[in-house]
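Below, each chain spelled out in residue letters.
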Amino acid sequence: MSSVAAPALELPRRQFWIGFFLAGLGSILFSAKAIVAKLTYAYGVDALVVIGFRMLLALPFFLVIALWQAWQAKQGKQVKLTWRQRWLVLLLGFLGYYLASLLNFIGLQYISANLERLILFLSPTFVLIFSAIFLKKPILPKQWLALALSYLGVGLVFMQDLNLTGDDVVLGAACVLGSVLSYSAYLISSGELLRRIGSTRLVAYAMSTSAVYTLLHFFLVYGWAGLEQPAGVYGLSLLHAVFHTVAPTFMTMWAVERIGAPMTSQLGLLGPVSIPFLAYWFLGEPITLIQVCGTLLVLTGAIVLSRR
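Residues numbered from 1 in each chain as written. Predicted model: local features only at pLDDT ≥ 70, side-chain atom pairs only at ≥ 80, totals over all residues. Heavy atoms only, no water.

A. Geometry of the overall build of the protein chain. The helix and strand inventory of the protein chain stands at 13 helices and zero strands. Listed by position from the N terminus, the elements making up the protein chain come as α-α-α-α-α-α-α-α-α-α-α-α-α. Per-residue burial over the protein chain gives 51% buried out of 308 residues. Long-range contacts, defined as pairs at least 24 residues apart, comprise 90% of the intrachain contacts of the protein chain with a sequence gap of at least 6. Summed over all atoms, the accessible surface of the protein chain reaches about 14900 Å², with 71% contributed by carbon and sulfur. (Helix = DSSP H or I, 4+ residues; strand = E, 2+ residues; numbered from the N terminus. Buried < 20%, exposed > 50% of the residue type's maximum accessible area, 1.4 Å probe, protein only. Contact = heavy atoms within 4.5 Å. Areas by Shrake-Rupley, 256 points an atom, 1.4 Å probe, with all protein chains shown as cover.)

B. Just the packing of helix H8 (residues 169-197) against helix H10 (residues 231-259), in detail. Two elements in contact, H8 and H10, have axes whose closest approach is 11 Å; the angle formed by their N-to-C orientations is 60°. In terms of orientation, H8 and H10 fall into the oblique class. As H8 packs across H10, the resulting crossing turns out to be right-handed. On H10, the residues touching Tyr183, Tyr186, Leu187, Ser190 and Leu194 of H8 are Thr252, Met253, Val256 and Glu257. (Axes fitted to C-alpha atoms, helices over the stretch in contact; angles between N-to-C directions. Parallel < 35°, antiparallel > 145°, perpendicular 65-115°, else oblique. Left-handed = near helix turned anticlockwise from the far one by under 90°.)

C. Geometry of a nonpolar patch on the surface. A cluster of nonpolar residues, Phe277, Tyr280, Trp281, Phe282, Ile287, Leu289, Val292 and Leu296, forms a patch on the protein surface that exposes about 880 Å² of accessible area. For the nonpolar patch, the elements supplying multiple residues, two or more each, are helix H12 (270-283) and helix H13 (289-306). Looking at the nonpolar patch, the element that brings in the most residues is H12, giving four residues. One can find Phe282 in helix H12. By relative accessible area, which is 55% here, Phe282 ends up exposed. (Patch = residues over 30% accessible without salt bridge, like charges linked within 9 Å, V, L, I, M, F, W, Y side chains within 5 Å. Salt bridge = Lys/Arg side-chain N within 4 Å of Asp/Glu carboxyl O.)

D. Representation of the layout of surface pockets within the structure. Here the largest pocket is characterised by a volume of approximately 400 Å³. Taken together, 20 residues make up the lining of the largest pocket; nearest its centre are Lys137, Arg195, Gly260, Ala261 and Pro262. Sort the elements by how many residues they give to the lining of the largest pocket and H8 lands first, with six residues. For the lining of the largest pocket, the per-class residue count stands at 12 nonpolar, four polar and four charged. A volume near 170 Å³ is recorded for the second largest pocket. Along the walls of the second largest pocket sit Ala70, Ala73, Lys74, Lys80, Leu81, Arg86, Val89, Leu90, Arg201 and Tyr205, which together make up its complete lining. Mapped by element, the contributors of at least two residues to the lining of the second largest pocket are helix H3 (47-74), helix H4 (83-110) and helix H9 (199-222). Residue classes in the lining of the second largest pocket are distributed as six nonpolar, no polar and four charged. (1 Å grid on protein atoms, 1.4 Å probe; cavity = no way out; pocket = protein on both sides within 12 Å on 5 of 7 lines; lining within 4 Å. Points joined across faces, edges and corners; volume = space filled by probe spheres on them. Nonpolar A, V, L, I, M, F, W, Y, C, P; charged D, E, K, R; others polar.)

E. Just the packing of aromatic side chains, in detail. Here the structure, examined in full by the defined rule, presents 17 aromatic pairs. Here Phe16 and Trp17 contribute two aromatic rings whose centre-to-centre distance is 5.5 Å and whose plane-to-plane angle is 80°, an arrangement assigned as edge-to-face. Given the relative accessible area of 6%, Phe16 is considered buried. Residue Trp17 is classed as partly exposed on the basis of its relative accessible area of 41%. A network of ring pairs unites the aromatic residues Phe53, Phe218, Phe219, Tyr222, Trp224 and Tyr234 as a single cluster. We note Arg86 situated over the ring of Trp83; from NZ or CZ to the ring centre the distance is 4.7 Å. (Phe/Tyr/Trp six-rings, centres within 6.5 Å; stacked < 30°, edge-to-face > 60°. Lys NZ or Arg CZ within 6 Å of the ring centre and 35° of its normal.)

Structure, rendered in structure tokens:
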């Protein structure tokens, strides 16, 4: 009996740690988009070009998966979407990856990456509050402890970056805050549909929809002439599309499927804190002792989340 029961008991634990790993790695890859965006801005492009090329090059990946999922549903191997679910996919694609990404990249034009990371750390708070209000999920003491440790680390890491001046700081901060709210609403709203059709199918549909929104916006503003960009823009955009859009998008939704939206969002704290180290590696920016201490606190918070 014990030999049969053991695998059954190990499965939830294994699934939990897979989700834990996917959430952390996906967050790091997502956050690294700020570095790629800053490098792309050096070519004189704006936020719409950055997000437009990102989605243009990512669309083939998502579209292939979406068409495969639709074919399986047509063959009766998966449940077909109802009209309500189709409208919900259109809404999720707008909120989660079009509006949130556009606002985030607009904000990056006006504020530093440090301030952008600080605002992104508000995401777990919004997800927990939304979950408590709309889904009636209680916030556990362990989650508050993890958040306290993580935000203490955030305070240390970004304490030295808050002396920002300039007329556009408020505008940029407001755009990034709007991005956080939009993506948090996406995570919460996707829960019901995620359970019904699965994470892979939902991501493929939502991202394909988001790409259509983005490309319509791009071509309405720039037309075909907007595609005439330096080779460096294409190279960085391909990197952005594959490693900072396609891969982490599926990682995040697979994590939500395994460990839930609140914990996935809290593990998102790992991503922004990793940026100073990535910036040091790729941009040559120095790493201070305060940043190291802050990172250790955030990692401690993530470890608290991992304990059941």
